[in-house]
Amino acid sequence: FLANISHELRTPMHAILSFSSMGLKRADTVPTEKLVHYFSRIDESGRRLLFLLNDLLDLSKLEAGRMDYNFKKSNLVDIAKIAIDELQELGNSKAITINLIRPGFDTIASIDDDKILLVIRNLLSNALKFTPEGKTVEICFSETTLFREDRNIDSIAILVSDEGPGIPENE
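Residues numbered from 1 in each chain as written. Predicted model: local features only at pLDDT ≥ 70, side-chain atom pairs only at ≥ 80, totals over all residues. Heavy atoms only, no water.

Draft legend 1. Looking closely at unusual backbone geometry. Unusually for a residue other than glycine, Ala95 sits at a positive phi of about 55 degrees. In this fold, Ala95 is placed in the loop between α3 (76-93) and β2 (97-100). Phi at Glu149 is positive, roughly 50 degrees, even though this residue is not glycine. Residue position: Glu149 is located in the loop between β4 (136-148) and β5 (151-161). The exposure class assigned to Glu149 is exposed, which follows from its relative accessible area of 86%. (Helix = DSSP H or I, 4+ residues; strand = E, 2+ residues; numbered from the N terminus. Buried < 20%, exposed > 50% of the residue type's maximum accessible area, 1.4 Å probe, protein only.)

Okay, structure coming up:
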């Protein structure tokens, strides 16, 4: 786990350091557009690093049994749109099309918006990371029923599919 998280944290940090170094070395010789590009990449990598650190903090809270939830009625399609907007540039950089398949049913549910957004963002980010250039990632919804103790709970499943290599069976 520590090896994986270290690798995940090093990737955006390496980009931050590389682009800031290029910007510092070339600040007085490159056009403004190039500097804007450097700062955009630094910003993008910094945000990715912040997401990873927040994920790590949430994981430690979850494992310690101290996760707080704020449930309210929200539209899952709207939450998915936010995640797509946040990661659209990553998709564009690889010419990946992100399709949101609107369901034929109501997607209002009692959820913690921030936690669900985090899950969708992580799934979408992984799908974009492993999808080959020019391919497609889709987010869709399905109605389902969960069986808990002695009752059925109507639920909505959020599915993120991609055209990447898939997860090895041993993982």
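Draft legend 2. Looking closely at the packing of α3 against helix α4 (residues 113-130). Packing of α3 against α4 brings their axes to within 9 Å, and their N-to-C directions diverge by 40 degrees. If you check the angle between α3 and α4, you find them oblique. When the axes of α3 and α4 are compared, the crossing they make is right-handed. Across from Leu76, Ile79, Ala80, Ile82, Ala83, Ile84, Glu86, Leu87, Leu90 and Gly91 in α3, the residues of α4 making contact are Asp113, Ile116, Leu117, Ile120, Arg121, Leu124, Ser125 and Leu128. Looking at the contact of α3 with α4 residue by residue, the classes come out as 13 nonpolar, 2 polar and 3 charged. (Axes fitted to C-alpha atoms, helices over the stretch in contact; angles between N-to-C directions. Parallel < 35°, antiparallel > 145°, perpendicular 65-115°, else oblique. Left-handed = near helix turned anticlockwise from the far one by under 90°. Contact = heavy atoms within 4.5 Å. Nonpolar A, V, L, I, M, F, W, Y, C, P; charged D, E, K, R; others polar.)

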